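Residues per chain, in single letters:
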Amino acid sequence: MPEPAAGASTYTMGYDDDFLQMLKWRSAETHARHLLPHLKPGVSVLDFGCGPGTLSVGLATAVEPGELHGIDIERTQIDLARAAARAGGHSNASFRVADATDLPFEDDTFDVAHCHTVLNHVPDTHAVLSEVKRVLKPGGIISCRELVAASCFSEPAYSLAEAWAVFSTLVAANGGHPEMGKELKIRLVEAGFKDIQATASFDAFSSPEGIAVLDGVITEWFFSETVVTAATTHGLATQEQFDQWHIDQERWKNHPGAVGAIAFGEAIGSKPR
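The sections below set out a description of the structure shown in this document. Note that the structure is predicted; figures quoted are calculated from it, not measured.

What the chain contains, in helices and strands, is ten helices and eight strands. For 273 residues, the compact-globule formula gives about 19 Å, and the C-alpha radius of gyration of the chain, at 19 Å, lands near that figure. Out of the 273 residues belonging to the chain, those deemed buried represent 53%. Partitioning the intrachain contacts of the chain with sequence separation of at least 6 by distance along the chain shows that 80% fall at a separation of at least 24. Carbon together with sulfur atoms contributes 53% to the accessible area of the chain, which is approximately 11,700 Å² in total. In the chain, the 20 positive side-chain charges and the 36 negative ones have mean positions that sit 9 Å from each other.

Using the criterion set out here, one finds eleven salt bridges in the structure. The residue Asp108 makes a salt bridge to Lys271 at a minimum N-O spacing of 2.9 Å. Here Asp108 is found in the loop between β3 (93–97) and β4 (110–116), whereas its partner Lys271 is found in the segment after β8 (259–270), with 163 residues between them in sequence. By relative accessible area, which is 39% here, Asp108 ends up partly exposed. Given a relative accessible area of 12%, Lys271 falls into the buried group.

Core analysis: the biggest nonpolar cluster contains 30 residues, and Phe167, Leu170, Phe222, Phe242, Trp245 and Ile262 have the highest contact counts within it. Taken together, the elements giving at least two residues each to this core come down to α6 (160–173), α8 (208–222), α9 (225–233), α10 (239–254) and β8. With seven residues, α6 is the largest single contributor of residues to this core. Core analysis: the next-biggest nonpolar cluster, separate from the first, contains 27 residues, Phe48, Leu103, Cys115 and Ala267 among them.

Okay, the side chain of Glu146 next. Turning to its location among the elements, Glu146 is positioned in strand β5 (residues 136–147). In terms of polar contacts, Glu146 uses its side chain to reach the backbone amide nitrogen of Val118, at 3.0 Å. At a separation of 3.0 Å, a polar atom in the side chain of Glu146 contacts the main-chain amide nitrogen of Leu119. Dropping the residues within four chain positions of it, Glu146 is found in contact with Cys115, His116, Thr117, Val118, Leu119, Asn120, Met180, Gly181, Leu184, Ala263, Phe264 and Gly265.

This part takes up the packing of aromatic side chains. To describe a pair of aromatic rings, one takes the distance between the centres and the angle between the planes. Under the defined criterion, the tally for this structure stands at ten aromatic pairs. Consider the rings of Phe105 and Phe110, whose centres lie 4.9 Å apart with planes at 85°: the pair is edge-to-face. A single burial state applies to Phe105 and to Phe110, both of which are buried. On the basis of an interplanar angle of 35° and a centroid distance of 5.2 Å, the ring pair of Phe222 and Phe242 is categorised as tilted. Highlighted residues: Phe222 in helix α8 and Phe242 in helix α10, separated in sequence by 20 residues. Just as Phe222 is buried, Phe242 falls in that class too. An aromatic cluster of at least three residues, connected via ring pairs, comprises Trp164, Phe167, Trp221, Phe222, Phe223, Phe242 and Trp245. Above the plane of the ring of Tyr158 lies Arg251, whose end atom (NZ or CZ) is 3.8 Å from the centre.

This part covers helix α4 (residues 75–88). In this model α4 runs 20 Å from its N-terminal to its C-terminal C-alpha over 14 residues, within 8% of the 20 Å that 1.5 Å per residue would give. Buried within α4 are the following residues: Gln77, Ile78, Ala81 and Ala85. Axial view of α4: buried residues confined to an arc of 100°, hence all on one face. Pointing more than 90 degrees away from the buried face of α4 are the exposed residues Arg86 and Ala87. Once α4 ends, the next one or two residues include Gly89, with phi positive near 70°.

Below, the discussion takes up the pairing of β4. Most of β4 sits inside the fold, with six of its seven residues counted as buried. In this structure, strand β1 (residues 45–48) lies alongside β4, joined through three bridges in parallel fashion. Along β4, the bridge assignment pairs Leu46 with Ala113. Pairing of β4 with β5, which is carried by six bridges, proceeds in the parallel orientation. Bridge assignment links Val112 to a residue of β5, and that residue is Ile141. The handedness of the β4 to β5 crossover, carried by helix α5 (residues 125–135), is right-handed.

Reading the values: the criteria
Residues numbered from 1 in each chain as written. Predicted model: local features only at pLDDT ≥ 70, side-chain atom pairs only at ≥ 80, totals over all residues. Heavy atoms only, no water. Helix = DSSP H or I, 4+ residues; strand = E, 2+ residues; numbered from the N terminus. Rg over C-alpha atoms; globule rule 2.2 N^0.38 Å. Buried < 20%, exposed > 50% of the residue type's maximum accessible area, 1.4 Å probe, protein only. Contact = heavy atoms within 4.5 Å. Areas by Shrake-Rupley, 256 points an atom, 1.4 Å probe, with all protein chains shown as cover. Lys, Arg positive; Asp, Glu negative; His and termini not counted. Charge placed at Lys NZ, Arg CZ, Asp CG, Glu CD. Salt bridge = Lys/Arg side-chain N within 4 Å of Asp/Glu carboxyl O. Core = buried A, V, L, I, M, F, W, Y, C linked by side-chain atoms within 4.5 Å. Polar contact = N/O pair within 3.5 Å; in protein donor to acceptor, adjacent residues only side chain to side chain. Phe/Tyr/Trp six-rings, centres within 6.5 Å; stacked < 30°, edge-to-face > 60°. Lys NZ or Arg CZ within 6 Å of the ring centre and 35° of its normal. Expected span 1.5 Å × (residues − 1). Arc of directions from axis to C-beta. Pairing = 2+ DSSP bridges. Right-handed = clockwise from strand over helix to strand, strands pointing away.

Here is the structure:
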């Protein structure tokens, strides 16, 4: 894939309908449960890289009447997040277009900062974490949940383990960090956070609905013309490999024992007082 501009924030996955379906499948209760015990009514939250707001609205509920501010670099995602907040009556949640490396907030503004699968896609992780630390109050906490691509799997595996490896290479080629979930504690230490708690978890897909969600994302994104062309042009895989992976993806989807899982690392740290 082409080299990203130095320091640019990129997003490998794009925003097709199937990927948005998976984003909407998420909630604060399922995907930020490591953070929820640290929240209480009245605290202020920054949700950086908020996407369509599916986690944001749950976080807003947890801290009401405290305020939640969500930012994302994509206008379409901010529009979706605003619509979700209006539909749910979350008057304490607001959203704006902004870059996590240049946040439009004063120093020492927030009690909590949260992100989910954001640092995976940002070339300059330290710049983001430093900027987030700037807008956190002394003693405020940061919570991150990020991908561990090497631990993701599909079973029966067939040849799909090779496809997962190519996915990791694509993320890295786009300036991202496919193993960021394993690196979170180190990155937070390097950024000057303290009292860091690191955990790990999986998003598992085994119900018919879950299988359909994961299959939709893989089929519509990984086997898209854009991805196949990029991978084959840059020698990451051959057309024949993609053809076999597509066959095996169909076999996986239709197998009665099919299960898939996406692995994540989580970390919570605090800004020194």
